[in-house]
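Summary of structural features
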Amino acid sequence: MPVRVTLDVMLARRKLRARDVAEKIGLSETQLSLLRTGKVRGMRFDTLSKLCLVLECTPGDILEYDRDDADLNSKDD
Amino acid sequence: MPRPSVPFAALLTRFMALALGLSLFFANLGAPELLHLEGGSKVMMTPVYWVSLLAPAFYLWALWAASEAIVRMDRGDAFGPAVVCGLKNIGGCLMLGAFAAAVVQPSLIYLFGNGFSEMRGVRMDLDVENVTLALVGLVLILLARQGQKLQSKLDQFV
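First things first, this report covers the structure right here in the doc. Per chain, the residues get numbers from 1 upward, laid out in the order the sequence is written. Just so you know, chain letters begin at A and ligand numbers begin at 1, following the order they were written in. In keeping with the model being predicted, local features are shown solely for residues with a pLDDT of at least 70 and side-chain atom pairs are shown and tallied solely at 80 or more, while totals for entire chains, interfaces and linings include all residues. Only heavy atoms go into the side-chain values, all of them from the structure, while hydrogens and water stay out.

1. Describing the packing of helix H5 (residues 81-113) of chain B against helix H6 (residues 128-154) of chain B
Residues and elements named next belong to chain B. Between the N-to-C directions of two axes lies an angle of 0 to 180 degrees, each axis being a line fitted to C-alpha atoms and, for a helix, fitted only over the stretch in contact. Note on conventions: DSSP H or I runs of at least 4 residues are helices, E runs of at least 2 residues are strands, and numbering of each starts at the N terminus. Interhelical geometry of H5 versus H6 gives an angle of 160° and a closest axis separation of 8 Å. When the axes of H5 and H6 are compared, the pair comes out roughly antiparallel. As H5 packs across H6, the resulting crossing turns out to be left-handed. Counted together, Val84, Leu87, Lys88, Ile90, Gly91, Gly92, Leu94, Met95, Ala98, Ala101 and Ala102 of H5 and Asn130, Leu133, Ala134, Val136, Gly137, Leu138, Leu140, Ile141, Ala144, Arg145 and Gln148 of H6 form the full contact between these two elements. Each residue gets one label: Ala, Val, Leu, Ile, Met, Phe, Trp, Tyr, Cys and Pro are nonpolar, Asp, Glu, Lys and Arg are charged, and the others, such as Gly, are polar. Within the contact of H5 with H6, the residues separate by chemical class into 15 nonpolar, 5 polar and 2 charged. By definition in this entry, angles of less than 35 degrees are roughly parallel, angles greater than 145 are roughly antiparallel, angles of 65 to 115 are roughly perpendicular, and the rest are oblique. Here a crossing is taken to be left-handed if its near helix is turned anticlockwise relative to the far helix by less than a right angle, and right-handed if that turn runs clockwise. What makes two residues a contact is simply this: any of their non-hydrogen atoms within 4.5 Å.

Here it is, written out as structure tokens:
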């Protein structure tokens, strides 16, 4: 997927542990791990806003987009 | 005020299932003229009486399954495995009930009527009610499957 989650980078910058962040935003460690490794279909806005609040950042700091022209033609499965 | 563990709709459905089941049982028992027999106790001895209870039994089972599904939905299960299973149960019971009413009952009653001496093909009673109930049951099963798929997709969102 061209949208990547760069949560690890922000965690390292803020010197926070994934376990603590998961606890603060009400996710399980497994869910956060899946999110960090990009093994999820998507992220809810409320999860994104909680992450931004805890990590003191904006969505752009934890999400990256690799341009791919084929995205316009991709179909939802 | 604490919420009741079983929602009112589920209680009502269970009450309806029980009341309908009992009334069906005793109505047939108390209406021997329906089967051209004399004496209520004799009615219960006839196989026709028990065969005639087949379809209603499935419908009552569906009603009971509906009450279970209402309880699970009230717990916020959405389209979790328990609710999906409940919906499939309701759909399956409706389809079985309709099949029993349309095919099994007419055929068996005919066979009992002639003492199993003659059977030419399958007897069918394709009422609008039976076909509608069977299709509603099928739609419920298909809806449960679609809901299960949507739920599993939704679960992939964190």
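2. Focus: the pattern of salt bridges
Any carboxyl oxygen of Asp or Glu that lies within 4 Å of a side-chain nitrogen of Lys or Arg is treated as forming a salt bridge with it. Taken as a whole, this structure holds 7 salt bridges over all chains when the rule is applied. Measuring nitrogen to oxygen at the nearest pair gives 2.6 Å for the salt bridge that ties Asp8 of chain A to Arg36 of chain A. Of this pair, Asp8 of chain A sits in helix H1 (residues 7-14) while Arg36 of chain A sits in helix H3 (residues 29-36), and the two are 28 residues apart along the sequence. For Arg36 of chain A, a relative accessible area of 30% gives the class partly exposed. Its salt-bridge partner being Glu68 of chain B, residue Arg14 of chain B comes within 3.1 Å of it at the nearest N-O pair. On the criterion of sequence distance, the pair formed by Arg14 of chain B in helix H1 (residues 8-29) and Glu68 of chain B in helix H4 (residues 54-74) is long-range, its members being 54 residues apart. For every residue, the accessible area obtained with a 1.4 Å probe (protein chains only) is divided by the maximum for its type, and the residue is called buried under 20%, exposed over 50%, and partly exposed between those limits.

3. A look at the interface of chain B and chain A
It is common to report an interface's size as the accessible area lost on association of the parts. Taken together, the 5 residues of chain B in the interface contact 10 residues of chain A. Taken together, the two surfaces of chain B and chain A that pack against each other cover about 760 Å², and 54% of this comes from carbon and sulfur. Where chain B touches chain A, the interface holds 0 salt bridges. Whenever a nitrogen or oxygen atom comes within 3.5 Å of another N or O atom, the pair is scored as a polar contact, on the condition that within protein one atom can donate a hydrogen and the other can accept it, and that pairs from neighbouring residues in sequence are kept only if both atoms are in side chains. Our count for the chain B to chain A interface comes out at 5 residue pairs in polar contact (both at pLDDT 80 or more). When the residues that make up the side of chain B that touches chain A are grouped by side-chain class, the tally is 3 nonpolar, 1 polar and 1 charged. Note: buried area is the sum, over both parts, of the accessible area (probe 1.4 Å) each one loses when the two are combined.

4. Some remarks on the packing of aromatic side chains
All names here are of chain B. Only the six-membered ring of Trp is used, alongside the rings of Phe and Tyr, when aromatic pairs are assigned; centres must lie within 6.5 Å, and planes under 30 degrees apart are stacked while those over 60 apart are edge-to-face, with the rest tilted. In this structure the tally under the stated criterion is 1 aromatic pair over all chains. Judged by centre distance (6.2 Å) and plane angle (15°), the ring pair of Phe58 and Trp61 falls under stacked. Taken together, the positions of Phe58 and Trp61, both in helix H4 and 3 residues apart, correspond to about one turn of that helix. Cation over ring: Arg14 sits above Trp64, and NZ or CZ is 5.4 Å from the ring centre. In our convention, an over-ring charge means Lys NZ or Arg CZ found within 6 Å of a ring centre and within 35 degrees of that ring's normal. The ring centre of Tyr110 lies 3.6 Å from the NZ or CZ of Arg123, which sits over that ring.

5. A few points about H6 of chain B
Residue and element names in this part refer to chain B. Expected span of a helix: the number of residues minus one, times 1.5 Å. Compared with an ideal rise of 1.5 Å per residue, which puts 27 residues at 39 Å, H6 spans 38 Å between its outermost C-alpha atoms and is within 8% of the ideal. Every buried residue of H6 is listed here: Asn130, Gly137, Leu140, Ile141, Ala144, Gly147 and Gln151. Tucked into the core, H6 has its buried residues touching H4 and H5.

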